[in-house]
Amino acid sequence: MLDLTLHLKPGALTVGLDPVRVYSFDAEGRPFHALRHGKTYKRGLDHRFMVLWREVQEDESVRRRRFLSPAEARDLVATLHQDLRREVLPNLHRAALRVTPGPGVPKAGPPPNLWPRLAEAPQPLQQAVQETLHRILERDETWLAEDARRFREIYSPLGILPPDQYLALVLQVTQGCHWNQCLFCDLYTRIPFRIRPLPEVLQHLEAVLRFFGRALPLRKSVFLADANALMLPERRATELLEHLAPRIRQAMPWSRGFFSFLDVFTGERHPVAYWQRLAHLGLRRLYIGLESAHEPLIRWLNKPETREGAWHLLLRLKEAGLSVGVIVLVGAGGHRFREPHFQDTVAFLRAFPRWEPRDIVYLSPFVPPEKPEYHERVRADRIRPLTETEIRREIRRFQQALHDLPPRVTLYNIQDFLY
Ligand code: SF4
């Protein structure tokens, strides 16, 4: 007996076949998330699939992940489509329908927007569900591979996004990282740094909007990439937002605004008035890679920032009315730095006077980079890296030490990233 549920929402449709099989597709028919028998599958727009599951290690439930091989990815898409064909389409009329109103979704009437059977829902909603399902089934392997090719034409490889921005509309206003020398980071080592001229960014925006198409309402915000897009000179950044903001308001009136990474060493030179101007143009939150407030560790990591610089930057951003996401690298520097990193960073975060509940502190478990310099340095300095178990223990220590701060304290695992 099937327990079919459908959830039609702006830019997406989720189909629940039963409690252990729940599949989500964007409104263009691309699969992007699936739960199957205790495993989670995510598809990136470049057509890579990641599978995540939990396993018990030393009495702890630990999250694991890996990318699927192309053959496994093909099988997965075929399985999702087969389940829809065999189990959903023939029983569609008796599936329960939930609707989240919004752009791209036909008007559903007053809440609760819930129908025990699709057949009882207003005709435009039934039609929207049927059309989306048929579109999903048309998106076979060939279509998805071609779609990924178009994606790679529009975007150069994306290094990383903060976890709450995985569903942002990414605009690459710069490419790569202008510093690219932090010891722990290999996200942009193969990408030459470049500031894109404004006309090129505006063309990129149009290509991105076309690419997302009907699925655009799934994108709730605009993320200015790559590593530190706001390293731009003030006049250039202001001009950029002045051009982007009206077009985004028109194309995505639901957007929550602009978000971006910011490094302390480029952000600290700007006055409050500059940040206020950008906030006025729609900038909402900046994600700061603090990594640590223990100065010797920051130097060891070769990040050209200081604790004092970070403090003043955060104060200015808060004074300008912006939200901040502060990223702490847990496990960096191994045993040598474990205790002073914890003590100084917790003291810094607890002493900061301007936190608001809309701010976020991210705890990012350290992942050794594929960079020979890092491994040479570890050997030369006789650093003993923390094990995975030890890093998990450190994360718990940070969580306990920060749990009563106004910002949400949350995990930021760079290995989970897929756009
Ligand atoms: S951590 Fe940030 S500043 Fe450092 S190399 Fe990586 S992207 Fe660049």
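Residues numbered from 1 in each chain as written. Predicted model: local features only at pLDDT ≥ 70, side-chain atom pairs only at ≥ 80, totals over all residues.

Notes on the site of the ligand
Around the ligand sit Cys177, Trp179, Asn180, Cys182, Cys185, Leu187, Tyr188, Ala227, Asp263, Gly289 and Lys303, and that is every residue in its neighbourhood. Taken together, the residues that form the shell around the ligand break down as seven nonpolar, two polar and two charged. (Near = placed C-beta within 6 Å. Nonpolar A, V, L, I, M, F, W, Y, C, P; charged D, E, K, R; others polar.)

Re the sheet that holds strand 14 (residues 258-262)
With parallel pairing, seven strands are arranged side by side in an open sheet as 10-13-14-15-16-17-18. A single partner strand is all that each edge strand has here, and the edge strands are strand 10 (169-172) and strand 18 (408-411). Within this sheet the neighbouring strands show an average axis-to-axis angle of 25°, counted without direction. With five bridges joining them, strand 14 and strand 15 (residues 283-291) adopt parallel strand pairing. (Pairing = 2+ DSSP bridges. Helix = DSSP H or I, 4+ residues; strand = E, 2+ residues; numbered from the N terminus. Axes fitted to C-alpha atoms, helices over the stretch in contact; angles between N-to-C directions.)

A look at the domain arrangement of the chain
Per the domain assignment, the segments of the chain are domain 1 (5-144) and domain 2 (155-416). Counting residues at the interface gives 13 residues for domain 1, matched by 11 residues for domain 2. The residue makeup of the side of domain 1 that touches domain 2, split by class, is four nonpolar, three polar and six charged. (Domains from an automatic or database assignment. Contact = placed C-beta atoms within 7 Å.)

Let's talk about unusual backbone geometry
A cis amide bond links proline 111 to the next residue, proline 112, at an omega of 20°. Residue position: proline 112 is located in the loop between strand 8 (96-99) and strand 9 (114-115). Of the consecutive residues alanine 225 and aspartate 226, the connecting peptide bond is found in the cis state with omega at 10°. Tracing the sequence through the fold places aspartate 226 in the loop between strand 13 (222-225) and helix 5 (234-251). Located in the positive-phi region is aspartate 59, a residue other than glycine, with phi close to 65°. Along the chain, aspartate 59 turns up in the loop between strand 6 (49-57) and strand 7 (60-67). A tally of 5 C-beta atoms within 10 Å means that aspartate 59 is categorised as exposed. Backbone geometry at asparagine 302 places phi at a positive 65°, although glycine is not the residue there. Note on placement: asparagine 302 falls in the loop between helix 8 (295-300) and helix 9 (307-319). (Buried ≥ 20, exposed ≤ 12 C-beta atoms within 10 Å, placed from the backbone.)

Observations concerning the nonpolar core
Core analysis: the largest hydrophobic core is formed by 102 residues, its most contacted members being Leu8, Leu97, Val129, Val170, Leu171, Leu224 and Ile288. In this structure, valine 170 is in contact with Leu158, Leu161, Phe223, Ala225 and Tyr419, ignoring residues within four places of it in sequence. (Core = buried A, V, L, I, M, F, W, Y, C linked by C-beta atoms within 7 Å.)

Section: the packing of helix 5 against helix 7 (residues 272-280)
Between helix 5 and helix 7, whose axes approach to 9 Å, the crossing angle comes to 15°. The angle between helix 5 and helix 7 falls in the class roughly parallel. As for the relative orientation of helix 5 and helix 7, their crossing is left-handed in sense. Here Glu234, Ala237, Thr238 and Leu241 of helix 5 lie close against helix 7, whose contacting residues are Tyr274, Arg277 and Leu278. (Parallel < 35°, antiparallel > 145°, perpendicular 65-115°, else oblique. Left-handed = near helix turned anticlockwise from the far one by under 90°.)

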